[in-house]
Every structure is written in structure tokens, then in C-alpha cells.
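The primary structure of each chain is shown beneath.
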Amino acid sequence: EETETFCVQLEEELQQSTGCKTLVANSGVIGYSTEQEYYTLEELAPQLRPDVAVLCFYANDVHRDHRAVFRSRNPAGDWSSAERWLERGAAFCRRNKIRFAVAVIPDRSQMTSRAIRIGYQQRLEAITAKLGIYLIDPDERFLAHRTEPLWLPGDDHFAPAGHALFAQSLADHLRAWVPRKAD
């Protein structure tokens with residue numbers, strides 16, 4: 001249900017914790033690459049005037065077969081293209097005084113072994129560090145809850161519990177960036 005998505009839950013959490021009306025606009029589109037996500041940011045930011053922009057990064061942002069990204073310590077994919085578009089997104093946000101973060105969407109396969117996540121996460125960490133982009137990596141929180149049904153059965157998308165956990169992780173990182181209601 002829409003009310004169970006991490007976007008709705010994040011909006012509610014930020015409103016409760018800051019006392020300010022908060023809008024979390026979900027502009028994600030299935031199949032979009034980092035390039036298309038950049039153009040969406042460029043198009044929507046002037047209309048929405050966000051304080052914060054969070055790009056949710058998943059392995060299919062660098063390779064159509066997201067499982068191929070997790071198969072080796074040297075993850076497959078077009079990382080140079082992702083880096084270019086992340087750099088453009090960060091520059092756009094700096095010019096427009098928007099805080100920019102990249103949030104890693106954990107994959108179910110990463111929860112079976114820390115070794116599976118090493119190459120992918122380290123590659124993304126290196127890129128975001130180089131570009132001065134704040135990285136939100138909820139994997140430790142997901143690893144701590146891996147006995148719960150965090151993904152839909154037979155699907156790589158979050159179940160309601162996964163959405164809730166991802167929203168909590170984002171809120172923990174973003175709460176300080178959201179304006180607070182004056183006392």
C-alpha cells in the first residue's frame with residue numbers, strides 16, 4: 001500500500017520529529033538510470049524547491065542485471081557513467097543550495113554474506129567520498145533485522161517491514177537537515 005512505502009513513512013517521521021510540515025516527493029521511476037534521475041532532479045527542483053535531495057542508488061543503476069554487480073569484488077557495470085551523473089547531481093545541488101545525499105538500497109542477496117556487499121559498497125563509497133556526497137548506507141541496520149521479511153517473496157522490492165526500516169534509516173540521517181519548527 002502507498003501508506004507503507006518508505007517515502008510516506010519518512011515524511012511522517014520527519015514531520016513528527018521536527019514539528020514542521022514536510023514533503024517527501026517520490027520521483028523514482030522503475031528502470032531509470034542515474035542519468036535520468038539527474039534530469040528528473042533538474043526538472044523538479046525549481047518547482048519543489050527542496051532543502052534536501054536524496055538519490056536512492058541500486059545496483060541496477062550501473063548494470064541491467066543487478067545480480068552481476070554483486071558477483072565479484074570488482075563489481076560489473078558502468079561505474080564511470082554513474083560517477084559522472086552523481087557528480088552533476090551534486091554540482092546542481094550545490095549551485096541551488098540543496099543538500100544532496102545518496103542512499104543505498106540494500107539487496108536481499110547482500111544480507112546472506114558481508115562478502116557479497118564489499119565490492120559494490122566500497123565502489124560506491126569511494127565515488128561518493130571523492131565527490132563529497134553524503135552517503136547513507138543502511139546495510140548494518142538491515143543485517144541486524146535479516147530474520148524479518150524485509151523483501152517481498154520472490155521479488156527484489158521491499159516488503160512493508162523493509163520500507164519501514166529504510167524510512168527509519170533515512171530519517172536518522174536526514175532529521176538534522178530538515179528545518180525545525182520554531183519553539
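Residues numbered from 1 in each chain as written. Predicted model: local features only at pLDDT ≥ 70, side-chain atom pairs only at ≥ 80, totals over all residues. Heavy atoms only, no water.

### Some words on the nonpolar core
It is characteristic of soluble globular proteins that their nonpolar side chains tend to be buried jointly. Core analysis: the biggest nonpolar cluster contains 25 residues, and F57, L86, F100, V102 and L124 have the highest contact counts within it. Those elements that provide at least two residues to this core are α2 (34–48), β1 (52–57), α4 (79–95), β2 (99–104) and α5 (114–131). A total of seven residues in this core trace back to one element, the largest contributor, which is α4. Excluding residues that lie within four positions of it along the chain, F57 makes contacts with T34, V62, W79, A82, L86, V102, A103, V104, I105, Y120 and L124. Core analysis: the next-biggest nonpolar cluster, separate from the first, contains 23 residues, L10, I136, L150 and F158 among them. (Core = buried A, V, L, I, M, F, W, Y, C linked by side-chain atoms within 4.5 Å. Buried < 20%, exposed > 50% of the residue type's maximum accessible area, 1.4 Å probe, protein only. Helix = DSSP H or I, 4+ residues; strand = E, 2+ residues; numbered from the N terminus. Contact = heavy atoms within 4.5 Å.)

### Looking at the side chain of T128
One can find T128 in helix α5. T128 sits in the buried class, given a relative accessible area of 2%. A distance of 3.2 Å separates a polar atom in the side chain of T128 from the backbone oxygen of E125. Not counting residues within four places of it along the chain, the set of residues in contact with T128 comprises V102, I133 and L135. (Polar contact = N/O pair within 3.5 Å; in protein donor to acceptor, adjacent residues only side chain to side chain.)

### What to know about the sheet that holds β1
Spatially, β1-β2-β3 is the arrangement adopted by the three strands of the open sheet, whose pairing is parallel. Two strands lie at the open edges of the sheet, namely β1 and β3 (134–136), each paired on one side alone. Each strand axis lies, on average, 25° off the axis of its neighbour in the sheet, ignoring direction. With three bridges connecting them, β2 and β3 associate as parallel partners. Among the inter-strand pairings, A103 is bridged to a residue of β3, identified as I136. On top of the sheet, helix α7 (residues 160–174) reaches β1, β2 and β3; it is set at about 150° to β3, its chief contact. (Pairing = 2+ DSSP bridges. Axes fitted to C-alpha atoms, helices over the stretch in contact; angles between N-to-C directions.)

### Focus: the pattern of salt bridges
Scanning the entire structure with this criterion turns up four salt bridges. Across the pair K130 and E83 runs a salt bridge whose closest N-O atoms are separated by 2.7 Å. Residue K130 is located in helix α5, and its partner E83 is located in helix α4; the two are separated by 47 residues in the primary sequence. Classification of E83 by relative accessible area gives buried; the value is 18%. Across the salt bridge formed by R175 and D172, the nearest N and O atoms sit 3.4 Å from each other. (Salt bridge = Lys/Arg side-chain N within 4 Å of Asp/Glu carboxyl O.)

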